[in-house]
Protein chains: 2
Amino acid sequence: MEKSKITKAVLGRLPQYLAFLEDVSAQDIPFISSTKIAKELSLGEVQVRKDLSVVCGKGKPKLGYRTGDLIKSIESCLGQSKLTPAVLVGAGKLGKALLEYDEFEKYGVQIMAAFDCNEQVLKIHRSLEILPMSQFQEFCRTHDIKIGIITVGEGSAQAVCDQMLASGITAIWNFAPCKLRLPEGVLFLQENLAVSLAYLNNQLLDQKRKEKEEI
Amino acid sequence: MEKSKITKAVLGRLPQYLAFLEDVSAQDIPFISSTKIAKELSLGEVQVRKDLSVVCGKGKPKLGYRTGDLIKSIESCLGQSKLTPAVLVGAGKLGKALLEYDEFEKYGVQIMAAFDCNEQVLKIHRSLEILPMSQFQEFCRTHDIKIGIITVGEGSAQAVCDQMLASGITAIWNFAPCKLRLPEGVLFLQENLAVSLAYLNNQLLDQKRKEKEEI
């Protein structure tokens, strides 16, 4: 089945739906309507209906969605039935912050290991080891890693990216503030934390401008 | 002048335009065309024209944009002429990673101070002091802080948010994975780092599904 492309905004709401549906399912409620879901989660009805239609098509008239089917569809979208293993390179503050972040598994991804070339950080972090780069390629091949997260500085990002591609990784999430050269077919996401703040600031400045105009 | 709302994607590209235009301006080139900008920055011409029209309207036929005007407009959008002061609460790994992030000032925001209730982290971090929460309200009032960044855990996020609002902050960027109760009129952005990774994973799973179907 060809699924319509799911946006980040919809993906972001799926764990919330899932948690609620699991509650519902535990109470042996076989059907659930989008109206009920919207009400319980304080979301708009139209939004809930749109979100669920992307994930699971339309519900049955008057009955709504079969709870079990909806749970399965959401889990499949999030890839929760089989977590995708990922690795992270660059165990500085940002890298460690991501390692500590508890939400990734809810979204279907498990960071299996972190790597760094700095000998000083090669200690155990929580249950995760920070491994030396010399073990990178073998680790990725052994665990069939497909997702690589780059949290090194601008200067080393391209080299790390090249190593990832040479180790079988096909999807890259880059936090380094620089452009990377990539062959076609590689899935790529550039993260720019500053843009969110810029967006908030832009709205704030807009508000100020309007207040001035009103005076 | 009422500006059309600038999207995050456009904002994200503005510093790149600005850096290039400052080069152009240093060479005393009075006009620049969107074609030339697109070529130099390896961007699509249509995209560049759309981006710049949001920021600065249309250029002059055959001449393009007046370099100086374009620079001023972009700086104004980014709020670079006067940096907006922000504070951060929660100086754990994520908080410190944000404090180390060099890109915020390019986007018009300066993190003036970080606060934490944990006595152990109250040391100097780079040129920034990590201050105790007892000084929070006074600091915000003195420096007329309007933007607050929440990087504490789920358990303390609402309390921190309430303190921010009580201290005159009107725009909040929340990294804690929880909903916050906010009065109307507060600008708010929820950051969910996991969603980017979920999006990449979803595309990866889609690719796998398609490969299977082709076999």
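As the structure is a prediction and not an experimental result, all values here were calculated from the model.

Attention now moves to the overall build of chain A. If you tally the helices and strands in chain A, you get eight helices and nine strands. Against the globule reference of 17 Å for 215 residues, chain A gives a C-alpha radius of gyration of 21 Å, more extended than a compact globule. Each principal axis of the C-alpha atoms in chain A carries an extent, and together these give about 60 × 60 × 35 Å. Sequence-distant contacts in chain A: of pairs separated by 6 or more residues, those separated by 24 or more amount to 58%. Counting only carbon and sulfur atoms, one obtains 51% of the accessible surface of chain A, whose full area is about 11,000 Å². Averaging the coordinates of the 27 positive side-chain charges in chain A and doing the same for the 26 negative ones gives two points 6 Å apart.

Note on the chain copies: they are related by a rotation about an axis and a translation along it. When chain B is fitted onto chain A, the two copies agree to an RMSD of 0.0 Å after a turn of 180° and an axial shift of 0.0 Å. Both copies are brought into coincidence by an operation consistent with a two-fold rotation axis. No C-alpha of chain B lies nearer the rotation axis than that of Lys93(B), which sits 2.7 Å from it. Most of the interface of chain B is mirrored in chain A, where 100% of its interface residues are also at the interface.

A word on the domain arrangement of chain A. Interface size is commonly expressed as the accessible area that is lost once the parts come together. Residue and element names in this part refer to chain A. Looking at chain A, the domain boundaries give domain 1 (8-78) and domain 2 (84-195). Here the C-alpha centre of domain 2 lies 33 Å away from the C-alpha centre of domain 1. At the junction of the two partners, domain 1 supplies five residues and domain 2 supplies four residues. Both sides together, the interface formed by domain 1 and domain 2 hides about 360 Å², and carbon and sulfur atoms give 60% of it. Summed over the three residues of domain 1 that lose the most area to domain 2, namely Lys8, Pro15 and Leu78, the buried surface amounts to 84% of that side. Seen at the junction of domain 1 and domain 2, the total is zero salt bridges.

Next up on the list: the layout of surface pockets. Looking at the second largest pocket, its volume works out to about 530 Å³. In terms of lining residues, the second largest pocket is bounded by 26 residues, among which Leu94(A), Thr151(A), Val152(A), Gly153(A) and Glu154(A) are the most central. Counting only elements with at least two residues in the lining of the second largest pocket, the list comes to helix H5 (93-100), strand S4 (109-116) and helix H7 (154-166) of chain A together with helix H5 (93-100) of chain B. When residues of the lining of the second largest pocket are assigned to their parent elements, the largest contribution, four residues, is made by H7(A). In terms of residue class, the lining of the second largest pocket is made up of twelve nonpolar, seven polar and seven charged.

A full pass over the atoms with the stated rule returns 16 salt bridges over all chains. Arg66(A) serves as the salt-bridge partner of Asp69(A), at 3.9 Å between the closest nitrogen and oxygen. Its relative accessible area of 38% is what places Asp69(A) among the partly exposed residues. The partly exposed category is assigned to Arg66(A), whose relative accessible area is 42%. For Asp144(B), the salt bridge goes to Lys146(B), with nearest N and O atoms at 3.3 Å. When its relative accessible area of 47% is taken as the criterion, Asp144(B) is described as partly exposed.

Turning to the packing of helix H2 (residues 34-41) of chain B against helix H3 (residues 45-56) of chain B, a few remarks are in order. All names here are of chain B. Following both chains from N to C, one finds H2 and H3 inclined at 120°, their axes separated by 9 Å at the closest point. The angle between the axes of H2 and H3 places the two elements in the oblique class. Our pair here, H2 against H3, has a crossing hand that is right-handed. Contacts from Ser34, Thr35, Ile37 and Ala38 of H2 reach H3 at Glu45, Val48, Arg49 and Leu52. Taken together, the residues of the contact of H2 with H3 break down into four nonpolar, two polar and two charged.

In this section: the state of the cysteines. Summed over all chains, the structure comprises zero disulfides over all chains. Cys77(A) supplies the cysteine sulfur nearest to Cys56(A), a cysteine that is in no disulfide, at a spacing of 8.9 Å. Using a relative accessible area of 23% as the deciding quantity, one classes Cys56(A) as partly exposed. Free of any disulfide, Cys161(B) has its nearest neighbouring cysteine sulfur in Cys178(B), separated by 9.1 Å. In this structure Cys161(B) comes out as buried when scored by relative accessible area, which is 0%.

Listed by partner, the interface residues are 63 residues for chain B and 63 residues for chain A. Of the roughly 5,700 Å² buried between chain B and chain A on both sides combined, carbon and sulfur atoms contribute 65%. Interface area lost by chain B to chain A is led by Lys93(B), Leu197(B) and Leu200(B), which between them contribute 12%. Between chain B and chain A we count two salt bridges in total. Between Lys93(B) and Glu100(A) there is a salt bridge; the shortest N-O distance is 2.9 Å.

To continue, consider the packing of aromatic side chains. Throughout the structure, instances matching the rule amount to ten aromatic pairs over all chains. Pairing Phe104(B) with Trp173(B) gives two aromatic rings, centres 6.1 Å apart and planes at 90°, and the pair type is edge-to-face. Of this pair, Phe104(B) sits in the loop between H5 and strand S4 (109-116) while Trp173(B) sits in strand S8 (residues 171-174), and the two are 69 residues apart along the sequence. Trp173(B) carries the same exposure label as Phe104(B), and that label is buried. A network of ring pairs unites the aromatic residues Tyr101(A), Phe104(A), Trp173(A) and Phe175(A) as a single cluster.

The next subject is the packing of helix H1 (residues 8-26) of chain B against H3(B). All names here are of chain B. Running from N to C, H1 and H3 cross one another at 95°; their axes reach a closest spacing of 11 Å. By the angle class used here, H1 and H3 are roughly perpendicular. Here Val10, Arg13, Leu14 and Tyr17 of H1 come into contact with H3, specifically with Gln47, Val48, Asp51, Leu52 and Val55. The class makeup of the residues in the contact of H1 with H3 is six nonpolar, one polar and two charged.

Thresholds applied
- Starting afresh in each chain, residues are numbered from 1 along the sequence in its written order.
- In the order they appear in the text, chains get letters beginning with A and ligands get numbers beginning with 1.
- Predicted model: local features are reported for residues with pLDDT of at least 70 only, side-chain atom pairs are reported and counted for 80 or more only, and whole-chain, interface and lining totals are derived from all residues.
- Only heavy atoms go into the side-chain values, all of them from the structure, while hydrogens and water stay out.
- The helix and strand labels rest on DSSP assignments: H or I over at least four residues marks a helix, E over at least two residues marks a strand, and numbering proceeds from the N terminus.
- Two things to know: the radius of gyration comes from C-alpha atoms, and the globule rule equals 2.2 Å times the number of residues to the power 0.38.
- Contacts between residues were defined by any pair of non-hydrogen atoms, one from each residue, lying within 4.5 Å.
- With residues, only the protein chains shown are counted as cover, and all accessible areas are computed by Shrake-Rupley using a 1.4 Å probe.
- Note on charges: Lys and Arg go in the positive column, Asp and Glu in the negative column, and His and the chain ends are not counted at all.
- Every charge is mapped onto a representative atom, which is NZ of Lys, CZ of Arg, CG of Asp or CD of Glu.
- The atoms used to superpose the copies are C-alpha atoms, taken from residues with pLDDT of at least 70 in both, and the fit is least squares.
- Domain start and end points were adopted from an automatic or database domain assignment.
- By definition, the buried area sums, over both parts, the 1.4 Å-probe accessible area that each loses when the two are put together.
- We define a salt bridge as a contact between a side-chain nitrogen of Lys or Arg and a carboxyl oxygen of Asp or Glu at a distance within 4 Å.
- Only protein atoms enter the 1 Å grid, on which a cavity is a set of points fitting a 1.4 Å probe that cannot get out and a pocket is an open set with protein on both sides within 12 Å along at least 5 of 7 lines, lining residues being those with an atom within 4 Å of a point.
- Grid points are joined across faces, edges and corners, and a volume is the space filled by probe spheres set on the points.
- Just so you know the grouping, Ala, Val, Leu, Ile, Met, Phe, Trp, Tyr, Cys and Pro go in nonpolar, Asp, Glu, Lys and Arg go in charged, and all remaining residues, Gly too, go in polar.
- The rule is simple: take the accessible area with a 1.4 Å probe, protein chains only, and divide by the maximum for that residue type; under 20% is buried, over 50% is exposed, in between is partly exposed.
- Lines fitted to C-alpha atoms define the axes, with helix axes restricted to the stretch in contact, and inter-axis angles between N-to-C directions lie between 0 and 180 degrees.
- Roughly parallel refers to an angle under 35 degrees, roughly antiparallel to one over 145, roughly perpendicular to one between 65 and 115, and oblique to any angle outside these ranges.
- With the far helix as reference, a near helix turned anticlockwise by less than a right angle produces a left-handed crossing, and one turned clockwise produces a right-handed crossing.
- Any two cysteine sulfur atoms lying within 2.5 Å of each other are counted as a disulfide.
- Geometry of aromatic contacts follows a simple scheme: Phe, Tyr and Trp rings, the Trp one being its six-membered ring, pair when their centres are within 6.5 Å, and the pair is stacked under 30 degrees between planes, edge-to-face over 60, tilted otherwise.

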